[in-house]
Amino acid sequence: MRGRDRMPRLVSHPDEVKVVSKRFGQGAANIDKYIELGGYEAAKKCLVEGAEWIINEMKASNLRGRGGAGFPTGMKWSFVPKQSAKPKYVLVNGDESEPGTCKDHLIFLHDPHAVIEGTIIAGVAIGSKTGFIYLRGEYRYLIEIMEKAVADAYAKGFLGKNIFGSGTEFQIITQSGAGAYEVGEESALMESLEGKRGIPRIKPPFPAVVGLYGGPTVINNAETIATVPHVIAMGGAAFAAIGSARNGGTRLFSISGHVERPGVYELPMGYNLKKMIYEVAGGISGGRTLKAVVPGGSSTPVLLPAEIENLGMDFDQVGKAGSMLGSGGVVVLDDHTCIVEFALRTISFYQHESCGWCIPCREGTDWLKKSLTRFHAGFGSAKDIDNIQYLAENMLGRTFCPLGDAAAMPTLGFVKKFRKEFEDHLDGKLCPFAKHVEVALL
Amino acid sequence: MSPNNPNIETMSIFSPQVAARFDALVERYPVRRSALVPMLLYAQDEIGYLSDAVIAEVAQRIGITELDVRNVATYYSMLRFKPAGKFNVQVCTNISCMLRGAYDVYERFQEELGIGHKGVTADGIFSLEEVECIGACCWAPAIQVNYAFHDDLSPDAVPGLLADYRGKVNEGTGPNA
């Protein structure tokens, strides 16, 4: 058994607008099927229209980076200098590892050629001859699918010295990681691809100027890249029209946790979060009630039921609500969930993944894990609650890469919004919810 | 074949297929050491872990010191320096899996196998690891056995799954086949 015991469940809902996922479940990993479904036409069009046209379409699309930061893709591409002494590179970030996020998993599985086609288009747009597609090491079976797709694209002449007979060269190299969340950070990913520890680089210079092997580099999330051919095919303005203001198109939302129908759903940007949970994902499982929701992967601050009433899921609206859209990983918590335990599991992850370079992150995540472990085990004091908050606040903005913030932000959210629940763990009281009290970790 | 060492093929600890793959891998990138991280993982797949001999040969193939190889290898959580079981059971307990009962699944594996985190069964067939998010959040709780995903698990599914793998003990060549 090399890949899976069964295919991951595909879900659907009438409110979905299938753009990026429209070929899922249709056998499009096969290159002939992909072509039959209209594949590679966008790349051919881009070779005719040229770089400036592509970047204008991308700008018009309001497509923003799907990795989490939400930076406008067209603008990112336009920052790459036209002339460069060093080779330019396109780098696809498929190191998907933000807890709560499994959308790229489905893209690589069902539509690997969309990733290749998007990479080619990015290459034409910035004048690069080489693209790298980096997947996390755990995704071995998906790496094999990508490698087969790349080989098939070479065999058809869609990659190589003279792609689509246009006289343009473009090569793609697939790369495997070996287990590291931090490598999802763009500069750490470049370090890893250069055969080093995944330690982030100091910025500036930004990758668009000095990136992989010192050359100007565009690095995009795999979902962003897989969206590009669709933007070109339908036109930037049409793509933008699907979404909300300044947030073009659709997004693959990974809805997980305590919902009746967890799954990856493609919904227009700005779609209401409450509807997403109660209608699209079928509501809270087991007839329980909603306690909280983590809207964009484990690094984004938790939201209360009252905060999601009228919340549209786009970068700006979720930001205004005090959280982030992040990677689109919506994690739903029911009223039987212990927030202290959830906060502990979240910080344990960041403690494990901190690369150790920046002291506030290395020490902060470790102290937070120890404090929360003790707290959850019933050995906390009232002062600890303030201390946890103080520690997290002192990590914010004090590290080279966003991992420190990714650990601190959710912690602050839990303490501020669920202080009462922390207090319920005081004075040796047993956790009112959980059964996994890990005293041994102390 | 490494230009630095024409004898490397005859000296290689890897199978001819893997050695040939590595010969091609180092030539693929603008710099040789870009091959390092995947090479270490593929080497581990065949040998079972990063033994001293693996580190030495990888260092030689890339053209860097063994210390440099170790420095990189210790960063990546999938890379290990001692053997795992033939079937390495990796149970995700991160948030999405935890919410859907991952710790119960993990406990059942511990009970059935009689080992804990990073333990190996006496017969060498299984090892167990609690791991971070494996990107199967919507199909939680999920695990990987070597590279194979198993989704939507419950504690009751554990004995059958282990029995299936026990039945495959004599299949395949390498530890991660």
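Residues numbered from 1 in each chain as written. Chains lettered and ligands numbered in written order. Predicted model: local features only at pLDDT ≥ 70, side-chain atom pairs only at ≥ 80, totals over all residues. Heavy atoms only, no water.

Each helix and strand counted, chain B has eight helices and four strands in total. Dimensions along the principal axes, computed over C-alpha positions, put chain B at roughly 55 × 30 × 25 Å. Evaluated residue by residue, chain B yields a buried proportion of 59% over its 177 residues. Sequence separation of 24 or more characterises 62% of the internal contacts of chain B that already satisfy a separation of 6 or more. When the accessible surface of chain B is summed, it comes to about 6900 Å², and 52% of that surface belongs to carbon and sulfur atoms. Looking at chain B, you have 14 positive and 22 negative side-chain charges, and the mean spots of the two groups are 4 Å apart. (Helix = DSSP H or I, 4+ residues; strand = E, 2+ residues; numbered from the N terminus. Buried < 20%, exposed > 50% of the residue type's maximum accessible area, 1.4 Å probe, protein only. Contact = heavy atoms within 4.5 Å. Areas by Shrake-Rupley, 256 points an atom, 1.4 Å probe, with all protein chains shown as cover. Lys, Arg positive; Asp, Glu negative; His and termini not counted. Charge placed at Lys NZ, Arg CZ, Asp CG, Glu CD.)

For the rest of this paragraph, the subject is empty space enclosed by the protein. The final tally for this structure, using the stated rule, is three cavities of 30 Å³ or more. Looking at the largest cavity, its volume works out to about 70 Å³. Among the residues forming the lining of the largest cavity, the class breakdown is eight nonpolar, four polar and one charged. (1 Å grid on protein atoms, 1.4 Å probe; cavity = no way out; pocket = protein on both sides within 12 Å on 5 of 7 lines; lining within 4 Å. Points joined across faces, edges and corners; volume = space filled by probe spheres on them. Nonpolar A, V, L, I, M, F, W, Y, C, P; charged D, E, K, R; others polar.)

Attention now goes to the interface of chain A and chain B. Contacts between the two partners involve 70 residues from chain A and, on the opposite side, 52 residues from chain B. Considering only the side of chain A, the residues that lose the most area to chain B are Arg 140, Arg 197 and Arg 345 of chain A, jointly responsible for 15% of the buried surface there. Counting the contacts that link chain A with chain B gives four salt bridges. Of the charged contacts, one joins Asp 151 of chain B and Arg 4 of chain A as a salt bridge, the two residues approaching to 2.5 Å between their closest N and O atoms. At the junction of chain A and chain B, the tally comes to 34 residue pairs in polar contact (both at pLDDT 80 or more). In terms of residue count, the dominant contributor to the side of chain A that touches chain B is helix α13 (residues 339-353) of chain A (eight residues). In terms of residue class, the side of chain A that touches chain B is built from 26 nonpolar, 25 polar and 19 charged. (Buried area = accessible area lost by both parts, 1.4 Å probe. Salt bridge = Lys/Arg side-chain N within 4 Å of Asp/Glu carboxyl O. Polar contact = N/O pair within 3.5 Å; in protein donor to acceptor, adjacent residues only side chain to side chain.)

Residues and elements named next belong to chain A. With respect to the element layout, Gly 249 can be found in the loop between α10 (236-242) and β5 (250-257). For Gly 249 and Met 269, which are 20 residues apart along the polypeptide, the C-alpha to C-alpha distance reads 6.0 Å. The contacts of Gly 249, once residues within four sequence positions are left out, are Arg 66, Phe 239, Ala 240, Ile 242, Gly 243, Pro 268 and Met 269.

Residues and elements named next belong to chain B. Across the interface, helix α3 (residues 36-47) lies against helix α5 (residues 66-73) with an axial gap of 11 Å and an inter-helix angle of 85°. In terms of orientation, α3 and α5 fall into the roughly perpendicular class. Between α3 and α5, the contacting residues are Leu 36, Val 37 and Leu 40 on the first element and Val 69, Val 72 and Ala 73 on the second. Residues belonging to the contact of α3 with α5 are distributed by class as follows: six nonpolar, no polar and no charged. (Axes fitted to C-alpha atoms, helices over the stretch in contact; angles between N-to-C directions. Parallel < 35°, antiparallel > 145°, perpendicular 65-115°, else oblique.)

The next thing to look at is a nonpolar patch on the surface. Residues and elements named next belong to chain A. A contiguous nonpolar patch, built from Phe 71, Met 75 and Phe 79 and spanning about 280 Å² of accessible area, is present on the exposed surface. Relative to the helices and strands, Phe 71 is located in the loop between α3 (51-61) and α4 (73-78). Taking the relative accessible area as the measure of exposure, Phe 71 reaches 36% and is therefore partly exposed. (Patch = residues over 30% accessible without salt bridge, like charges linked within 9 Å, V, L, I, M, F, W, Y side chains within 5 Å.)

Before going further, it helps to examine the side chain of Asn 247 of chain A. Residue and element names in this part refer to chain A. Along the chain, Asn 247 turns up in the loop between α10 and β5. A polar contact of 3.5 Å, which involves the side chain of Asn 247, links it to the side chain of Arg 64. Separated by 2.9 Å, the side chain of Asn 247 and the backbone oxygen of Ala 245 make a polar contact.

Moving on, we come to the sheet that holds strand β1 (residues 89-94) of chain A. All names here are of chain A. One open sheet accounts for four strands, arranged β3-β2-β1-β4; its pairing is parallel. Two strands in the sheet have a free side with no partner beyond their single neighbour: β3 (171-176) and β4 (217-221). Direction aside, the axes of adjacent strands within the sheet are offset by 20° on average. With five bridges joining them, β1 and β4 adopt parallel strand pairing. Residue pairing across strands places Val 92 opposite Asn 220, the latter belonging to β4. (Pairing = 2+ DSSP bridges.)

The next thing to look at is the sheet that holds strand β6 (residues 263-268) of chain A. Residue and element names in this part refer to chain A. Here we have four strands laid out as an open sheet, ordered β6-β5-β10-β8, and mixed in their pairing. One side of each edge strand has no neighbouring strand; the edge strands of this open sheet are β6 and β8 (290-294). The sheet shows a mean angle of 30° between the axes of neighbouring strands, taken without regard to direction. Summarising the sheet, β5 and strand β10 (residues 329-334) pair through four bridges and their orientation is parallel. Opposite Ile 255, over in β10, you have Val 330 as the bridge partner.

Within the structure shown, the criterion is met by 20 aromatic pairs over all chains. Their ring planes at 75° and their centres at 5.1 Å tell us that Tyr 34 of chain A and Tyr 40 of chain A sit as a pair that is edge-to-face. For the pair Tyr 139 of chain A and Phe 149 of chain B, a centre-to-centre distance of 6.4 Å together with 55° between the ring planes defines the contact as tilted. Within this pair, whereas Tyr 139 of chain A is found in the loop between β2 (130-135) and α7 (140-155), its partner Phe 149 of chain B is found in strand β4 (residues 148-150), the two belonging to separate chains. The same class applies to Tyr 139 of chain A and to Phe 149 of chain B, which are both buried. Feature note: the residues Tyr 34, Tyr 40, Phe 158 and Phe 164 of chain A constitute an aromatic cluster, connected by ring pairs. The ring of Tyr 139 of chain A carries the charged tip of Arg 136 of chain A above its face, separated from the ring centre by 5.4 Å. Here the basic side chain of Lys 168 of chain B rests over the ring of Tyr 165 of chain B, its NZ or CZ set 4.8 Å away from the ring centre. (Phe/Tyr/Trp six-rings, centres within 6.5 Å; stacked < 30°, edge-to-face > 60°. Lys NZ or Arg CZ within 6 Å of the ring centre and 35° of its normal.)

Right, let's talk about helix α6 (residues 112-126) of chain A for a bit. Residues and elements named next belong to chain A. Compared with the 21 Å implied by 1.5 Å per residue over 15 residues, the 22 Å span of α6 between its first and last C-alpha is a close match. Judged by how many residues are buried, α6 sits mostly within the fold: 15 of 15 residues are covered. In the segment just after α6, Gly 127 is the residue with positive phi, at about 75°. (Expected span 1.5 Å × (residues − 1).)

Its place among the elements puts Gly 3 of chain A in the segment before α1 (31-36). For Gly 3 of chain A and Tyr 139 of chain A, which are 136 residues apart along the polypeptide, the C-alpha to C-alpha distance reads 8.7 Å.

Taken together, the buried positions of α5 of chain B are Val 69, Val 72 and Ala 73 of chain B. Around the axis of α5 of chain B, the buried residues are gathered within 95° of arc, so they sit on the same side. (Arc of directions from axis to C-beta.)

The step from Lys 203 of chain A to Pro 204 of chain A runs through a cis peptide bond, and the omega angle for that step is -5°. Tracing the sequence through the fold places Pro 204 of chain A in the loop between α8 (186-193) and β4. Of note, the bond from Pro 204 of chain A into Pro 205 of chain A is cis; its omega dihedral lies within 30 degrees of zero at 0°. Note that Pro 205 of chain A resides in the loop between α8 and β4. The phi torsion at Tyr 40 of chain A lies on the positive side, around 70°, for a residue other than glycine. Its location among the elements puts Tyr 40 of chain A in the loop between α1 and α2 (41-49). With relative accessibility at 0%, the residue Tyr 40 of chain A sits in the buried group. For Asp 152 of chain B, which is not a glycine, the phi torsion comes out positive at approximately 50°.

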